[in-house]
Amino acid sequence: MHKDHIRLAVVGATGAVGTEMFRILEQRNFPFASLRAFASERSVGKTIRCKGKAYPIEVATPEVFKDLDIALFSAGSETTKLFRDAAKKGGCLIIDNSSAFRMERDVPLVIPEINGDDIKAHKGLIAVPNCSAIVMLMAVCPISKLSPIKRIVVSTYQAVSGAGAKALAELEEQTQDFVAGKQPVAKVLPHQIAFNLFSHNTAINEAGYNGEEWKLIHESKKILHNDSLAITATCVRVPVMRAHSESVNIEFKDARPTLEHIHKALAEFPGVKVVDDRENNYFPMPLDASGKDDILVGRIRNDISNPKAIDLFVSGDQLRKGAALDAVQIAEYLVKNDLF
Ligand code: A2P
């Protein structure tokens, strides 16, 4: 299909990620012949702007997909499950931000800078990985090319944007209540998030890991095509608006690369920016990463407890590279390689 003929849609257009998608489609001047915005009945009457035009929010139904070529989904797992078959029948390719189908064998799980070529095997649905996996792997991938990695230990500091637009509003509201001397009330997130932090709000499995940790572990292996990678994670929600940070310990199979080589590999990798100013104590921060496309990497140092390991710290915008930007980059890859 010629790129000027693409009939594009965003499903979940009013959400935290969906809104960001419209911004990114405009900023990157993504080529589409038509664009439609879908959400639930609650949002009918609203509009959303892109490239100087206002698009009315429509209710998504199974019938709409026969008139679409690509749909960027960010409306939760249940919504993708609801429309997957209708989209396939209608010949519409889904790029899905939910976790519904990520681990299915015939579903490519893609960070274009890392495993873009996996897109070629798609069967009508391509999944965007979990945001914490994207933020971590953008730093891990260039380092893994210097020397094979044996084990990763990661701890996350995750923004509330990952829990959606309502959670973002809740952090603001609780902060205002706290400052005004009122007791903050948790309605969307399970605990008070303002002036607090808590273990990620996903269910704990039999192994004792929460859902976010499990996704980070298993999706990383799939994206890196490395089932034998040893990886453990602790995921924590912090009172930050929209960029995730992560502390990552990487152990190599053999001797660790030099810090100089690691700096160079990171600096040359597209989508990564090294922020590692020891003199001024300036390192990746979520505020600096917010609204940016690059994943910031710093605190790069040898692990003094293990001669084969290093430590680093990353911050990345969860709504952009961690979700909406990755989805749009997958669409760009499809267009560039004539793959749908
Ligand atoms: P709505 O705003 O009408 O509820 P977030 O992750 O930020 O909470 O956003 C979730 C997005 O998914 C919203 O745009 C929401 O629309 C949308 N959504 C929820 N259920 C459906 C559905 N059945 N069909 C289409 N969009 C949906």
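Everything numeric here is computed off the predicted structure, so don't read it as measured data. (Residues numbered from 1 in each chain as written. Predicted model: local features only at pLDDT ≥ 70, side-chain atom pairs only at ≥ 80, totals over all residues. Heavy atoms only, no water.)

Enquirer: Mind laying out the site of the ligand, listing which residues take part and the relevant values?
Expert: Taken together, the neighbourhood of the ligand is formed by 15 residues, with Thr14, Ala16, Ser40, Arg42 and Ser43 sitting nearest. The contact in question runs from an oxygen atom of the ligand to an N or O atom on the backbone of alanine 16, over 2.8 Å. Summarising the interface, the protein chains cover 74% of the accessible area of the ligand, which totals 590 Å² for the free molecule. In terms of residue class, the shell around the ligand is built from six nonpolar, eight polar and one charged. (Near = heavy atom within 4 Å. Polar contact = N/O pair within 3.5 Å; in protein donor to acceptor, adjacent residues only side chain to side chain. Areas by Shrake-Rupley, 256 points an atom, 1.4 Å probe, with all protein chains shown as cover. Nonpolar A, V, L, I, M, F, W, Y, C, P; charged D, E, K, R; others polar.)

Enquirer: Describe helix H1 (residues 16-27), naming the residues involved and giving the relevant values.
Expert: Two residues of an α-helix separated by three or four positions point the same way, owing to the 3.6 residues in each turn. Compared with an ideal rise of 1.5 Å per residue, which puts twelve residues at 16 Å, H1 spans 17 Å between its outermost C-alpha atoms and is within 8% of the ideal. Within H1, the full set of buried residues consists of Ala16, Val17, Gly18, Glu20, Met21, Phe22, Ile24 and Leu25. In this fold, the buried residues of H1 make contact with strand E1 (7-11), strand E2 (34-39), strand E3 (47-50), strand E5 (70-73), helix H5 (165-179) and helix H9 (320-336). (Helix = DSSP H or I, 4+ residues; strand = E, 2+ residues; numbered from the N terminus. Expected span 1.5 Å × (residues − 1). Buried < 20%, exposed > 50% of the residue type's maximum accessible area, 1.4 Å probe, protein only. Contact = heavy atoms within 4.5 Å.)

Enquirer: Lay out the nonpolar core in plain terms, naming residues and giving numbers.
Expert: Membership of the largest hydrophobic core comes to 101 residues, with the highest contact counts inside it found for Phe65, Leu72, Ile95 and Leu312. Both of domain 1 (3-129 + 323-336) and domain 2 (133-317) provide at least three residues apiece to this core. Once residues lying within four places of it in the same chain are set aside, the contact partners of phenylalanine 65 are Val11, Ala71, Phe73, Phe83, Ala86, Ala87, Gly90 and Cys92. (Core = buried A, V, L, I, M, F, W, Y, C linked by side-chain atoms within 4.5 Å. Domains from an automatic or database assignment.)

Enquirer: How would you summarise a nonpolar patch on the surface if you had to cite specific residues and measurements?
Expert: A surface patch of nonpolar side chains, amounting to about 340 Å² of accessible area, comprises Phe178, Val179 and Phe195. Along the chain, the position of phenylalanine 195 falls in the loop between H5 and strand E9 (198-199). For phenylalanine 195, a relative accessible area of 53% gives the class exposed. (Patch = residues over 30% accessible without salt bridge, like charges linked within 9 Å, V, L, I, M, F, W, Y side chains within 5 Å. Salt bridge = Lys/Arg side-chain N within 4 Å of Asp/Glu carboxyl O.)

Enquirer: Can you break down the side chain of threonine 156 residue by residue, with the values?
Expert: With respect to the element layout, threonine 156 can be found in strand E8 (residues 149-158). On the basis of relative accessibility, which here comes to 2%, the residue threonine 156 falls in the buried class. Here glutamine 158 takes part through its side chain, which lies 2.8 Å from a polar atom of the side chain of threonine 156.

Enquirer: Can you explain the state of the cysteines? Please cite residues and give values.
Expert: Counted according to the given criterion, the structure contains zero disulfides. Considering cysteine sulfurs only, cysteine 92 is the nearest to cysteine 50, which forms no disulfide, with 17 Å between them. Take cysteine 92: its relative accessible area is 3%, and that puts it in the buried class. (Disulfide = S-S within 2.5 Å.)

Enquirer: Please give an account of the sheet that holds strand E4 (residues 53-59) that cites residues and values.
Expert: A sheet is described by the order of its strands in space; here seven strands give the open sequence E3-E4-E2-E1-E5-E6-E7, paired in mixed fashion. The strands lining the two open edges of the sheet, one partner per strand, are E3 and strand E7 (125-127). Sheet twist, expressed as the mean angle between neighbouring strand axes with direction ignored, is 25°. Bridge analysis of strand E6 (residues 93-96) against E7 gives three bridges, and the strand direction is parallel. The partner of isoleucine 95 across the bridge, within E7, is isoleucine 126. Against the sheet, H1 touches E1, E2, E3 and E5, its axis set at about 25° to E3. Contacting E5, E6 and E7, H9 runs over the sheet at an angle of about 145° to E6. (Pairing = 2+ DSSP bridges. Axes fitted to C-alpha atoms, helices over the stretch in contact; angles between N-to-C directions.)

Without other data, these values stay purely geometric and don't point to any function.
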